[in-house]
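Architecture and fold: a report
One-letter residues, chain by chain:
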Amino acid sequence: QADLHHVQWWSRGGHTNAANLVPACERIHYGIHRGGWTLTREPDGTTNWTSPTGHVYRVPPASYPIDETMKIKKDATEAEPTDQTPQKRRQLPDESVG
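All values reported here derive from a predicted model rather than from experimental measurement.

1. Concerning the overall build of the protein
Across its full length, the protein carries one helix and five strands. Partitioning the contacts of the protein with sequence separation of at least 6, the portion at a separation of at least 24 is 16%. Total accessible area on the protein stands at roughly 9,100 Å², and carbon and sulfur atoms take up 54% of it.

Right, dumping it as structure tokens:
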């Protein structure tokens, strides 16, 4: 179980969004607020956790494989007609002419 900690604290104007949140166990979250831990986030998403003794723990951003299970075919709009494809409506001659 983890808390979500605001990198820029909410009480100091930080936003609640994925770019400003990091998971932290309850003990570490408490340590950030009361025990002297600090953290910063670099532009590439790396999080730097600094202990009260000054040791820095660098955590690179998570990377997940791209989910291609729902990938749509590029040519799906040009698919072969099927029995389910609506047919063009036959145009009837204008009965008023004639």
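Picking up where we left off.
2. A word on the environment of His5
With respect to the helices and strands, His5 occurs in strand β1 (residues 3-6). Accessibility expressed as a relative area gives 1% for His5, which makes it buried. When neighbours within four sequence positions are excluded, His5 is seen to be in contact with Asn20, Leu21, Val22, His29, Ile32, His33 and Leu39. Of the polar contacts made by the side chain of His5, one reaches the side chain of His33; its length is 3.3 Å.

3. Topic: the sheet that holds strand β5 (residues 56-59)
Reading across the sheet, the three strands line up as β3-β4-β5 and stay open at both edges, with antiparallel pairing between neighbours. Looking along the sheet, the strands with just one partner apiece sit at the ends: β3 (38-41) and β5. Neighbouring strand axes in the sheet, compared pairwise and without regard to direction, differ in orientation by 20° on average.

4. A short note on the environment of Trp49
Mapped onto the fold, Trp49 is located in strand β4 (residues 47-50). Remark: the alpha-carbon pair of Trp49 and Trp37, spanning twelve residues in sequence, is separated by 7.1 Å. Leaving out residues up to four positions away in the same chain, Trp49 has contacts with Val22, Pro23, Ala24, Ile28, Ile32, Trp37, Thr38, Leu39, His55, Val56, Tyr57 and Val59.

5. Let's talk about the packing of aromatic side chains
To describe a pair of aromatic rings, one takes the distance between the centres and the angle between the planes. Taken as a whole, this structure holds one aromatic pair when the rule is applied. Positioned over the ring face of Trp9 is Arg12, at 3.9 Å from the centre of the ring.

6. Quick word on helix α1 (residues 26-34)
For α1, every residue scored as buried is listed here: Ile28, His29, Gly31 and Ile32. Taken around the axis of α1, the buried residues stretch over an arc of 160°, which confines them to a single face. Turned more than 90 degrees off the buried face of α1, the exposed positions are Glu26, Arg27, Tyr30 and Arg34. Close packing links the buried residues of α1 with β1, β2 (21-24), β3 and β4. Just downstream of α1 lies Gly36, where phi reads positive at about 95°.

The rules behind these values
- Residues numbered from 1 in each chain as written.
- Predicted model: local features only at pLDDT ≥ 70, side-chain atom pairs only at ≥ 80, totals over all residues.
- Heavy atoms only, no water.
- Helix = DSSP H or I, 4+ residues; strand = E, 2+ residues; numbered from the N terminus.
- Contact = heavy atoms within 4.5 Å.
- Areas by Shrake-Rupley, 256 points an atom, 1.4 Å probe, with all protein chains shown as cover.
- Buried < 20%, exposed > 50% of the residue type's maximum accessible area, 1.4 Å probe, protein only.
- Polar contact = N/O pair within 3.5 Å; in protein donor to acceptor, adjacent residues only side chain to side chain.
- Pairing = 2+ DSSP bridges.
- Axes fitted to C-alpha atoms, helices over the stretch in contact; angles between N-to-C directions.
- Phe/Tyr/Trp six-rings, centres within 6.5 Å; stacked < 30°, edge-to-face > 60°.
- Lys NZ or Arg CZ within 6 Å of the ring centre and 35° of its normal.
- Arc of directions from axis to C-beta.

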